[in-house]
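Descriptive structure summary
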Amino acid sequence: DAVRRLTHGYRRRVVTRRLAPALACLMIALGGMGGLYFTPTSVISIDVNPSLELSVNRFDRVVGVTSYNEDGRALVQELTLTHQNYAEAVEQVLDSPAVADCVSRGEEVTLTVVGENEGQSMRLLAGLEGCAAGRKNTFCCAAQPEEVALAHEAGLSYGKYRAFLEAQALDPSLTPQEVQGMSMREIRELTEAGVPLEGILFIVAIGVHRPATEAEM
C-alpha cells in the first residue's frame, strides 16, 4: 500500500507534465480564437440622422459600435447590438423608433459596407440589401477602407462623409462640422439645390422676395 501511495503521486505528476504542453496549446488556441473574434474585418455605416458604424468580425458578428452624433449616441444606448449577427443588428437599428420616425418624414437611410476582404464585403452587402428590401428610402453600397479613414479624420461616418463630399463640390466652404448634425436628406438637398449653405440659411432667415408685378403695384 505504501508503494502504491508513493507511485500514485509520481504517476499523477508524470501525467500532469505530459498534459501541460497540450493544455498550453489549448490555451493559446482559445486566446487566438478570442483575438480573431474581437478583430474587426469590416464596417457597416448606417446613416440617416442617427449616424453610427458597426464593426463586424470575420464571423459576421458585431464586435463594436461607434456613434458619430448625439442621435447616434442616444440610439446606441437603447439597443443591444454587440455580439449580434450583423443583419440582426442592422434590423434592430432600422426598426428602432428613432429611425422609423426619420423614414416616415421622408429621410434617407444609407447602409454602406467597408472592408478589405472582397468576399465578405459582397456577402455583407447582399445581406444589407435583404435588410433594405421593402423599406422606403433605404439604399445600400460598398466602399474602400482608405475612404473610411478620411471620413473618420473628418469626424463623420462614411455614409455622411460621402454625401458631404458631394455637397462640398458645389460649396467649397462647407465643413464637416456643419453637416455633422444634419440628416442625410438635408445634405442631399444641399447638393440638389447647388446653393452654398450660407445662402440657404440666409433665404430661410429672411424669406424669398420676388419683384412686384404691375398688377400688384
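Residue positions within a chain follow its written sequence, with the count starting from 1. Reporting in this predicted model follows two pLDDT cut-offs: at least 70 for local features of residues, and 80 or more for side-chain atom pairs to be given and counted; totals over whole chains, interfaces and linings ignore these cut-offs and use all residues. Heavy atoms throughout the structure, all of them, feed into the side-chain values; hydrogens and water do not.

**What about the state of the cysteines?**
One way to say it: the disulfide is the covalent bond shared by the sulfur atoms of two cysteines. Threshold: The disulfide criterion used throughout: a pair of cysteine sulfur atoms within 2.5 Å.
Under the counting rule described, the total for this entry stands at 0 disulfides. Cysteine Cys-141 is unpaired, with the sulfur of Cys-140 as its nearest cysteine sulfur at 7.7 Å.

**Observations regarding the confidence of the model for the chain**
Quick note on the threshold: The pLDDT value tells you how sure the predictor is about a given residue, anywhere from 0 up to 100. The numbering of helices and of strands both runs from the N terminus, where a helix is a DSSP run of H or I of at least 4 residues and a strand a run of E of at least 2. When checking whether two residues touch, look at their non-hydrogen atoms; a contact exists if any pair is within 4.5 Å.
The predicted model of the chain has a mean per-residue pLDDT of 80, with 73% of residues at 70 or higher. By mean pLDDT, helix α10 (residues 197-206) is the weakest element of the chain at 40, and helix α3 (residues 86-95) is the strongest at 97. In the model, residues 197-217 has pLDDT below 50 throughout and makes 13 contacts with residues more than four positions away in sequence or in other chains.

**Some thoughts on the sheet that holds strand β3 (residues 62-67)**
Definition in use: Here the rule is simple: two strands pair whenever DSSP picks up at least two bridges between them. Fitted lines through C-alpha atoms give the axes, limited to the stretch in contact for helices. The angle between two N-to-C directions lies from 0 to 180 degrees.
With respect to topology, 5 strands assemble into an open sheet ordered β3-β2-β1-β4-β5, the strand pairing being mixed. Each edge of the open sheet is held by one strand with a lone partner, namely β3 and β5 (138-143). Put simply, the sheet's adjacent strands are angled 20 degrees from each other on average, direction ignored. Sheet topology places strand β1 (residues 42-47) next to strand β2 (residues 51-56); 6 bridges connect them, and they run antiparallel. By the bridge assignment, Asp-47 is partnered in β2 with Ser-51.

**With respect to the side chain of Asn-49**
Rules: Burial classes follow relative accessibility: with a 1.4 Å probe on protein chains only, a residue under 20% of its type's maximum area counts as buried, one over 50% as exposed, and anything between as partly exposed.
In this fold, Asn-49 is placed in the loop between β1 and β2. The class of Asn-49 is buried, set by a relative accessible area of 16%. When sequence neighbours within four positions are dropped, the list of residues in contact with Asn-49 reads Asn-69, Asp-71, Cys-102, Lys-160, Gly-181, Met-182 and Ser-183.

**Re the pairing of β2**
In the case of a regular strand, side chains alternate between the two sheet surfaces. Among the 6 residues of β2, 6 are classified as buried, and the element is accordingly described as predominantly covered. Side chains Ser-51, Glu-53 and Ser-55 project from β2 onto one buried face, and the interleaved Leu-52, Leu-54 and Val-56 project onto a second face that is buried too. Linking two consecutive strands that pair antiparallel, namely β1 and β2, is a turn of 3 residues. With 5 bridges connecting them, β2 and β3 associate as antiparallel partners. For Glu-53, the partnering residue across the bridge sits in β3 and is Thr-66.

**Focus on the packing of α3 against helix α5 (residues 118-132)**
What counts, and what does not: By definition, any crossing whose near helix is turned counterclockwise from its far helix by less than a right angle is left-handed, and any crossing with a clockwise turn is right-handed.
In the contact formed by α3 and α5, the axes pass within 10 Å of each other and the chain directions differ by 35 degrees. Relative to α5, the crossing made by α3 is right-handed. For the pair formed by α3 and α5, the contact residues are Tyr-86, Ala-87, Val-90, Glu-91 and Leu-94 on the first element and Arg-123, Leu-124, Gly-127, Leu-128 and Cys-131 on the second.

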